[in-house]
Amino acid sequence: MSHARTRFRRGMAVAASLLALATPAVTATPASAAAPPVPALPKPTGSSPVGVTSLHLKDTSRADPWVPSVKYRELMVSVWYPAKSPGRKRAQYMTPKESELLLKDGKITTVPADILSRTRTNAFTDAEPAGRKRGLPLVVLSPGHGKPRSELTGLAEELASRGYVVAAIDHTYESVATTFPDGRVTECVTCEIDKNPDWWVGLVKSRARDVSFVLDRLTGPRPAWQGSRLIDPSKIAMAGHSVGGAATIPTLLSDSRVRAGIDIDGTTDMAIPDSGLSRPFLFLGKPATYTPGQGAAAATWERDWKHLTGWKRWLLLTGAEHLSFTDLGLLVDQLGIDAGADIAGARAMTITRSYVTAFLDQHLRKKHRPQLDKPSPPLPRNQALRPREQDLQVGARRRAFPRSSRGLEHFRAPPLASLACNRSTTWTFSGC
């Protein structure tokens, strides 16, 4: 499954996709034998410059769940935000040590060990925040298991350029490397643990507690960030990739401050209870894993779909791999490494940023975004197809989802007018 019951090192741990289905090893192209280019994230499309700061937070009310000898939960959090003007110092993507450990985890030796630390970002360290008191929505981001918070930088910069505060959490001992202000680097303890479904439920519950603690420190009476007064505490959402996406469900169930959620390519081990979840929710994934009726991972989304009683969407990006929804899909392309995706990393990032932003605009800012209702003009090469509602319910028993001539999954579509916005809606986007 996408958060990986079994850890497949696909030859590029930047891309270690944590898939359930084994795929061919990632290989370097001949061009990668030469000096690799300096990686760079695409510029945000919003109107605001972007600032970023790092927070070192300690929750003294609980011991660390993975290293009980540590009597508090210690987290590193990056906060991106709209800035009054660009700062003098462009933010570092990650440290050289973090780059080294991430590449080592995937047994990658074809690029310099520090190459990811050279990635050019678009945010400026500690630039002065812009905005009015309680004027900015807040989005919390949670990365995949084994991955650092930096993998979601491209998405965070986009949202901040459009007027959001974005807090990405490094869940300590769940990432290959987390660097603290005193120079300590913690590594991934949970990566070495034997896992079963109950263990994953425990992990996402722990992440939900991390998120609630971070919200306390950003919106509570003693905020950890100088710009916290700009946050509107009534407009908070969470999004995550892989197990970080799966953790949105327990977070929504346990913390009423979080008003909407997005699961990006993450298998949901913790089920929504029969009482349901009425807040807006978006599933965004790849057809190879999350086509309805085709496998255990998709079955978790189908199970939860029935209990999502509010606005909901289920979107699939044709040609995507697990890493395609993060910076890593883009960076491996730039480094000349083939991670097996049939969609360019830059294209996948454009689509991911566009639809995540549209969802948040619609549900936190109450601005209707028509692209969530039909194919969007800014992305003319996308094909949004909708299945009949019954196809989602009985897809496992009959061939409801034929392959296209290009070998990519598509769905049969009824007239657009036949589906209300809050009914079962699954789209497949052609990203080529």
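Data block above holds the structure.
The following refers to the structure shown. It should be emphasised that the depicted structure is a prediction, and the values quoted were computed from it without experimental measurement.

1. Describing the pairing of strand β11 (residues 281–285)
Item 1. Within β11, five of the five residues are buried, which leaves it mostly tucked inside the rest of the structure.
Item 2. Of the two faces of β11, the one lined by F281, F283 and G285 and the one lined by L282 and L284 are each fully buried.
Item 3. Of the strand pairs in this sheet, strand β10 (residues 258–264) and β11 are connected by four bridges, and their pairing is parallel. Of the residues in β11, the one forming a bridge with I264 is L284.
Item 4. Taken together, the five bridges between β11 and strand β12 (residues 312–318) define a ladder with parallel strand orientation. Bridge pairing in β12 places F283 opposite W314.

2. Digging into the packing of aromatic side chains
Item 1. Applying the stated criterion across every chain, the model contains ten aromatic pairs.
Item 2. Ring centres of W305 and W314 lie 5.6 Å apart, and the angle between their planes is 65°; this geometry places the pair in the edge-to-face category. Considered together, W305 and W314 belong to a single accessibility category, that of buried residues.
Item 3. Among the aromatic side chains, those forming a connected cluster through ring pairs are F281, F283, Y290, W301, W305 and W314.

3. Side note on helix α1 (residues 96–105)
Item 1. Taken residue by residue, α1 has E98, S99, L101, L102, L103 and D105 as its buried positions.
Item 2. The elements touched by buried residues of α1 are β7 (178–179) and β8 (185–186).
Item 3. Immediately downstream of α1, the backbone of K107 shows phi near 55°, a positive value.

4. Regarding helix α9 (residues 345–364)
Item 1. Across its 20 residues, α9 extends 28 Å between first and last C-alpha, which sits within 8% of the 28 Å expected from 1.5 Å per residue.
Item 2. Counting buried residues in α9 gives 17 out of 20 residues, a clear majority hidden from the surface.
Item 3. A positive phi of about 60° marks K366, the residue just after α9.

Conventions adopted
Residues numbered from 1 in each chain as written. Predicted model: local features only at pLDDT ≥ 70, side-chain atom pairs only at ≥ 80, totals over all residues. Heavy atoms only, no water. Buried < 20%, exposed > 50% of the residue type's maximum accessible area, 1.4 Å probe, protein only. Helix = DSSP H or I, 4+ residues; strand = E, 2+ residues; numbered from the N terminus. Pairing = 2+ DSSP bridges. Phe/Tyr/Trp six-rings, centres within 6.5 Å; stacked < 30°, edge-to-face > 60°. Contact = heavy atoms within 4.5 Å. Expected span 1.5 Å × (residues − 1).

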